[in-house]
Every structure is written in C-alpha cells, then in structure tokens.
Amino acid sequence: MPFVPAASADFTDDGVLVPALRRRDQAAFGWLLDQYSAPLRRLARSYVSNDAAAAEAVQETWLAVITGIDRFEQRSSLKTWMYRILVNVARSKGVKEHRTVPFASLGEELDGEERAVDPQRFRDHRDHWPGHWAAPPVAWDEEPEDHLLGRETLSIVAAAIAALPPNQRSVITLRDVQGWDSVEVCNALDISETNQRVLLHRARSKVRSALETHFEEDAQ
Amino acid sequence: MMFRNLYLRLTGDYPCAQLVEAVTEYLEGAMSPREQTRLERHLSICPSCEDYLVQFRRTIDLCGRITIDDVEALPDPARKELLRAFRDVLADESSDPRA
C-alpha cells in the first residue's frame, strides 16, 4: 500500500482531480488507475481481438493521459477525455489487426433488420389486427421480489450483456451498468446520438428477452 | 368488427410490433411530440404493451444492479511502471530549461 492519500480528497470531482494530477499527486493518479483500468480494458476489448492487445491499448492510454494532462482543456469531463483517447488507440489497433482477424465493425452491428421481439409473436397481415400481440409478454410482477432481484437473475443479465456484439455491449455497459448519460457515451465512443440509441435499444431488447426466457423456464 | 374499429380509433392504429422497436427512443425523450402522443395513446389501451414497457424498465434497472468488477484488476508491475512514468514526467519538466 504505497500510496495513502494525504487527506481523503474527493477525486470524483474533476475540480479536485485535474489540479492534483497536474501537481503530479501520485495518490490522484493511483486512484485514477484503480478506478478506470478495468472498465477501459473491457471497452478496449470490443475493438481488438485479444486481451493482450486490450491491455496494451489501456497502457498507451495511461501514457497519453500522463503526457497530455497539462494540455487537457477541460471542455469535457476527464473521464470522457480518457475514454476518447482509449477508443482512438484501440480503434487504430483494431484496424491494423483487421487485415488478419475478423472484426465486428460498427456498421455491421447497425445494419440489417434486428427485431426487438420475434416477429412471430405478432399477428400477421391476414389478421384483423396485424402487428398486434399474438403471444404477449407475461408480466413479471408475479415473480417474488427476492427472485426478481436475486443473484441468479443478475447473473442472467451479466451473461446476456457479455454475449452481445462488441459495440452494443460497450453502449449498454456505459449507459445502463455504469450510468453514463447519452451525451457522454456519444462523445467517448465518437458515435452519433442515433447510432447510440439503436445500439442501446438492440442491447436492451436482447437482455430483456434473456430475462423473459429465464422467468418462463422458472415458471414451468 | 365494430369493436375492432373502436379499438383502432382509440389506439390510433399503432401496432404493438412498432412500439417494441420504439421503446428506447421513447424513454430517451427523443420522439417527436406527435409520435409520442400516438405511442402513449396506444399504451393507455394496450395492457400487453404496458407490460412490455414495465419489463423494459425493469431490465434497465437490473443492468444498473450489476457491476463491471468481474474484470481483473490492473496487474501490479504495470501499475508501478505507470506511477513511475507519472513521476518522471515531472522530473523531465523540472530539468527542462524552458519550463
């Protein structure tokens, strides 16, 4: 435990953190490393094909933060700035890899018809009410609260997120797991508001669907 | 048939299949007011879509209850190396005659 913060400074506040980093306060940088290394690495992993390359991207990001902190103009939060660096580094690594490794591009995840719900669950055009539910969702209210919020349910959520295509996974992780707002996510990932929303919607729809399957199986 | 016409008039003929694709746009407040009114009118009369919306909200809530801690922490040597680099930048700057 080499770095004991002098006082318990509130590094969650950029107004405290940025000046501390500029003073080369090691407690501040240590805090930053502990706070962001894992999430940055997870995000990097969606651009490159293996863990080693992701770790490299994070390392390069930290070096860029160290050398760039004095020039950081604070037009965005420090967090958003760091994520942008990471995304740029990881993306260019991903592009280099692309020659040899199959890589899921943003385009591939946005293109194509991807339905939130299986189309067969809606009435078809021959019906009186086309497009309305044929197999409607069953309310989850019946589930006991401890089951609804239980460890097993949460592990279903985590597994469903882990199984998503990389860009959808990044967006839902930042938005719904880490609680970022949409502007922060668009800035950090350098994607448009509309693309962000499509990715988020597809991701949430799949997680909902996984939960539905889980609760249905339990009901049987 | 009469019931159907009444239903369609009340719901603004907004199909459930369209609603399930629009939920995030709705929750983000990104819809045009006109579209939002159509969707809300449909919701007010379609209990299944209401259930769907509740499930969707619940899904978002559940995502907020997991953490990303299952990713391994930065290994120690890398951490030390970075902290040293951080310190060295200051050393370089103070030995820089322009500083």
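Predicted, not measured: the structure shown is a model, and the values here were computed from it.

Just checking my understanding: could you explain the overall build of chain B for this structure?
Broken down by element type, chain B carries 5 helices and 0 strands. For chain B, the proportion of its 99 residues judged to be buried stands at 20%. Pairs at least 24 residues apart make up 60% of the contacts formed inside chain B by residues separated by at least 6 positions.

Is there a simple way to explain the overall build of chain A in this structure?
Per the secondary structure count, chain A includes 10 helices and 0 strands. Reading chain A from its N terminus to its C terminus gives the helix and strand order α-α-α-α-α-α-α-α-α-α. Taking contacts inside chain A between residues at least 6 apart in sequence as the whole, the part at least 24 apart equals 60%.

What should I look at first to understand the domain arrangement of chain A in this one?
It is common to give the size of an interface as the accessible area lost on bringing the parts into contact. Residues and elements named next belong to chain A. The domains assigned to chain A are domain 1 (14-98) and domain 2 (106-219). The straight-line distance from the C-alpha centre of domain 1 to that of domain 2 is 29 Å. Contact with domain 1, which involves 9 residues of that partner, is made by 11 residues of domain 2. Every element with two or more residues in the side of domain 1 that touches domain 2 is listed here: helix 2 (26-44) and helix 4 (78-98). In terms of residue count, the dominant contributor to the side of domain 1 that touches domain 2 is helix 4 (4 residues). A per-class count over the side of domain 1 that touches domain 2 returns 4 nonpolar, 3 polar and 2 charged.

For this particular structure, what's the right way to read helix 8 (residues 166-177) of chain A?
Given 3.6 residues per helical turn, the α-helix brings residues three or four places apart onto the same face. Along helix 8 of chain A, 11 of the 12 residues are buried, which leaves the element largely enclosed by surrounding structure. Taken together, the buried positions of helix 8 of chain A are occupied by Asn167, Gln168, Arg169, Ser170, Val171, Ile172, Thr173, Leu174, Arg175, Asp176 and Val177 of chain A. Looking at the buried residues of helix 8 of chain A, the elements they touch are helix 2, helix 5 (106-110), helix 7 (151-162), helix 9 (182-189) and helix 10 (193-219) of chain A together with helix 4 (47-63) of chain B. Downstream of helix 8 of chain A by a residue or two, Gly179 of chain A has a phi angle that is positive, lying close to 75°.

I'm lost on the confidence of the model for chain B in this one. Help?
The predicted structure's coordinates, where accompanied by low pLDDT, should not be read in detail. Residues and elements named next belong to chain B. In this model, chain B carries an average pLDDT of 79, and 68% of its residues clear a pLDDT of 70 or more. Under a pLDDT of 50 for its full length, residues 70-74 has, in the predicted model, 8 contacts with residues more than four places off or in other chains. For this predicted complex, the interface confidence comes out at an ipTM of 0.73, alongside a pTM of 0.73.

Which parts of the structure should I look at to understand the interface of chain B and chain A?
Between chain B and chain A, the residue contacts involve 38 residues of the former and 48 residues of the latter. Contributions of two or more residues to the side of chain B that touches chain A are made by helix 2 (16-27), helix 4 and helix 5 (76-95) of chain B. Per-element accounting of the side of chain B that touches chain A gives the leading share, 11 residues, to helix 4 of chain B. For the side of chain B that touches chain A, the per-class residue count stands at 23 nonpolar, 6 polar and 9 charged.

Mind showing me how you'd approach unusual backbone geometry here?
Trans peptide bonds make up most of the peptide bonds, and negative phi angles are found at most residues other than glycine. Residues and elements named next belong to chain A. Non-glycine residue Arg24 carries a positive phi angle of around 60°. Relative to the elements of secondary structure, Arg24 occurs in the loop between helix 1 (14-22) and helix 2. According to the C-beta neighbour criterion, Arg24 is partly exposed, with 17 such atoms within 10 Å. Of note in the backbone geometry, Gln74 takes a positive phi value of approximately 60° without being a glycine. Within the secondary structure, Gln74 is located in the loop between helix 3 (51-68) and helix 4. Taking the number of C-beta atoms within 10 Å as the measure of exposure, Gln74 has 10 and is therefore exposed.

Sorry if this is basic, but what is going on with the packing of helix 2 of chain B against helix 4 of chain B here?
Residues and elements named next belong to chain B. Packing of helix 2 against helix 4 brings their axes to within 11 Å, and their N-to-C directions diverge by 20°. What the angle tells us is that helix 2 and helix 4 run roughly parallel. Seen along the crossing, helix 2 lies across helix 4 with a hand that is right-handed. For the pair formed by helix 2 and helix 4, the contact residues are Cys16, Leu19, Val20 and Val23 on the first element and Ser48, Cys49, Tyr52, Leu53 and Phe56 on the second. Within the contact of helix 2 with helix 4, the residues separate by chemical class into 8 nonpolar, 1 polar and no charged.

How should the environment of Pro15 of chain B be read in this particular structure?
Here Pro15 of chain B lies in the loop between helix 1 (2-11) and helix 2. A residue is classified by how many C-beta atoms lie within 10 Å of it, and Pro15 of chain B, with 19 of them, is partly exposed. Sequence-wise, Pro15 of chain B and Ile66 of chain B are 51 residues apart; in three dimensions their C-alpha atoms are separated by 33 Å. The residues contacting Pro15 of chain B, other than those within four sequence positions of it, are Pro130, Gly131 and His132 of chain A.

How should the confidence of the model for chain A be read in this particular structure?
Residues and elements named next belong to chain A. Taken over all residues, the pLDDT of chain A has a mean of 85, while the share at 70 or more is 92%. Taken element by element, the predicted model of chain A shows its lowest mean pLDDT in helix 5 (72) and its highest in helix 1 (94). Here residues 1-5 is modelled with pLDDT under 50, and outside its nearest four sequence neighbours on either side it reaches 4 contacts, counting other chains as well.

Rules behind the numbers
Residues numbered from 1 in each chain as written. Chains lettered and ligands numbered in written order. Predicted model: local features only at pLDDT ≥ 70, side-chain atom pairs only at ≥ 80, totals over all residues. Helix = DSSP H or I, 4+ residues; strand = E, 2+ residues; numbered from the N terminus. Buried ≥ 20, exposed ≤ 12 C-beta atoms within 10 Å, placed from the backbone. Contact = placed C-beta atoms within 7 Å. Domains from an automatic or database assignment. Nonpolar A, V, L, I, M, F, W, Y, C, P; charged D, E, K, R; others polar. pLDDT = per-residue confidence, 0-100. Axes fitted to C-alpha atoms, helices over the stretch in contact; angles between N-to-C directions. Parallel < 35°, antiparallel > 145°, perpendicular 65-115°, else oblique. Left-handed = near helix turned anticlockwise from the far one by under 90°.

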